[in-house]
Amino acid sequence: MKQEELEERKSAVRPGQDLIMAGLAGFEGTRRIAGLHKEELRQRFSPVFLEDQLTRGLEAEETLRRFLAGGTLPVPEREISAWEAVGEGGVLAALWNFSGKMEAGIEFDLKKIPVRQITVEVSELFHLNPYRLLSAGAFVAAADNGARAAECLGQMGIPAAVIGRVTEGIARRMFHGGQEAGFLERPQPDEIEKVIKRRV
């Protein structure tokens with residue numbers, strides 16, 4: 001289903017639906033940072049770890065990227081009622097945009113968002129928020145049965161997880177490991193900008 005068609009179906013997003021994410025948070029940004037700071041990362045991480053972390057799952061990311069570019073998803077239409085691609089500004093920007101377009105409240109747990117260990121490590125090294133870091137080949141979505149949708153994606157080798165749910169109203173609540181962490185703020189500049197400025 002095309003994104004424009006889904007936007008006409010705001011009523012399809014209902015309180016109680018699962019909120020899922022497919023793809024990896026900040027992975028595109030991580031790969032770009034690795035390209036900009038190869039030597040620095042090689043001094044900190046073993047070449048084997050870097051190679052494994054930066055190449056594993058690229059095929060799944062490319063699969064999702066192709067589908068998203070065409071305005072569709074690689075899951076049966078009945079599994080997903082609405083979705084938003086993750087890109088600049090990371091998964092937090094996508095969640096903000098999704099909630100706004102669908103005029104729906106959301107709550108989600110940062111610890112449930114799929115993220116690769118190398119992204120966590122690189123984000124710590126450069127003092128970045130991995131959830132505000134450039135992503136590609138990823139999306140957030142509402143589903144009646146998020147576990148089933150995530151399983152469908154997982155069978156294709158695409159990381160996916162239920163990260164929260166759609167709620168009444170328009171509040172965007174964040175949790176961290178089950179503990180409330182406040183409300184989602186408006187999208188910020190992508191974290192990769194900090195790394196690019198550091199090189200200038």
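Note that the coordinates shown come from a computational prediction; the quantities given were computed from them, not determined experimentally.

Trainee: Would you take a moment to explain the pattern of salt bridges for this structure?
Mentor: In total, this model carries 16 salt bridges according to the counting rule given. Between Arg 14 and Asp 144 there is a salt bridge, with its nearest N and O atoms 2.4 Å apart. With Arg 14 in the loop between helix H1 (3-7) and strand E1 (18-22) and Asp 144 in the loop between strand E4 (139-143) and helix H8 (146-154), this residue pair connects regions lying 130 residues apart in the sequence. Under the relative-accessibility criterion, Asp 144 is labelled exposed at 52%. We note a salt bridge from Arg 42 to Glu 39, for which the minimum N-O separation is 3.3 Å. Separated by 3 residues within a single helix, Arg 42 and Glu 39 lie in helix H3 (residues 38-44), roughly one turn from each other. What emerges from the salt-bridge pattern is a single network uniting Glu 28, Arg 31, Arg 32, Glu 61, Glu 62 and Arg 65.

Trainee: I would appreciate a short explanation of the pairing of E4 in the present structure.
Mentor: Successive side chains on a regular strand alternate, one facing one side of the sheet and the next facing the other. Counting buried residues along E4, 5 of its 5 residues qualify, which places the element largely inside the surrounding structure. Residue alternation in E4 divides its side chains into two sets, Phe 139, Ala 141 and Ala 143 and Val 140 and Ala 142, and both sets are buried. Looking at chain direction, E1 and E4 are connected through 5 bridges and run antiparallel. When the bridges of E4 are listed, Asp 18 appears paired with Ala 143.

Trainee: I'm lost on the UniProt feature "domain: PurM-like C-terminal" (unreviewed entry) in the protein in this one. Help?
Mentor: Here the UniProt-annotated "domain: PurM-like C-terminal" (unreviewed entry) positions come out as residues 15-169. For residues 15-169, helix accounts for 45% and strand for 17%, while the C-alpha atoms at its two ends are 9 Å apart.

Trainee: Explanation requested: helix H7 (residues 117-125) in the structure shown.
Mentor: Spacing of three or four residues puts side chains on the same side of an α-helix, whose turn is 3.6 residues. Turning to H7, its buried residues are Ile 118, Thr 119, Val 122, Ser 123 and Leu 125. Projected onto a plane normal to the axis of H7, the buried residues spread over an arc of 160° and lie on a single side.

Trainee: Whenever I open this one, the packing of aromatic side chains confuses me. Can you help?
Mentor: For any two aromatic rings, the description comes down to two numbers: the centre-to-centre distance and the angle of the planes. This structure, assessed with the given rule, holds 2 aromatic pairs. An angle of 40° between the planes, with centres 5.7 Å apart, marks the rings of Phe 45 and Phe 49 as tilted. With a centroid separation of 6.3 Å and an interplanar angle of 70°, the aromatic rings of Trp 83 and Phe 139 are classed as edge-to-face. Within this pair, whereas Trp 83 is found in strand E2 (residues 82-85), its partner Phe 139 is found in strand E4, the two being separated by 56 residues in sequence. Accessibility classification places Trp 83 together with Phe 139 in one group, the buried group. Taking the ring centre of Phe 27 as reference, the NZ or CZ of Arg 116 above it sits at 5.1 Å. One Lys or Arg, Arg 172, reaches over the ring of Trp 96 and ends 3.7 Å from the middle of that ring.

Trainee: Whenever I open this one, helix H5 (residues 58-69) confuses me. Can you help?
Mentor: Its 12 residues place the ends of H5 16 Å apart at the C-alpha level, agreeing with the 16 Å of an ideal helix rising 1.5 Å per residue. Within the span of H5, buried status applies to Ala 60, Glu 61, Thr 63, Leu 64 and Leu 68. The buried side chains of H5 occupy one side of the element, clustering within an arc of 160° when seen end-on. Residues of H5 that are exposed and point over 90 degrees away from its buried face: Glu 59, Arg 66 and Ala 69. Residues of H5 that are buried make contact with E1, helix H2 (27-36), E2 and E4.

What counts and what doesn't
- Residues numbered from 1 in each chain as written.
- Predicted model: local features only at pLDDT ≥ 70, side-chain atom pairs only at ≥ 80, totals over all residues.
- Heavy atoms only, no water.
- Salt bridge = Lys/Arg side-chain N within 4 Å of Asp/Glu carboxyl O.
- Helix = DSSP H or I, 4+ residues; strand = E, 2+ residues; numbered from the N terminus.
- Buried < 20%, exposed > 50% of the residue type's maximum accessible area, 1.4 Å probe, protein only.
- Pairing = 2+ DSSP bridges.
- UniProt positions renumbered as here; feature names shortened; annotations may be inferred.
- Arc of directions from axis to C-beta.
- Phe/Tyr/Trp six-rings, centres within 6.5 Å; stacked < 30°, edge-to-face > 60°.
- Lys NZ or Arg CZ within 6 Å of the ring centre and 35° of its normal.
- Expected span 1.5 Å × (residues − 1).
- Contact = heavy atoms within 4.5 Å.

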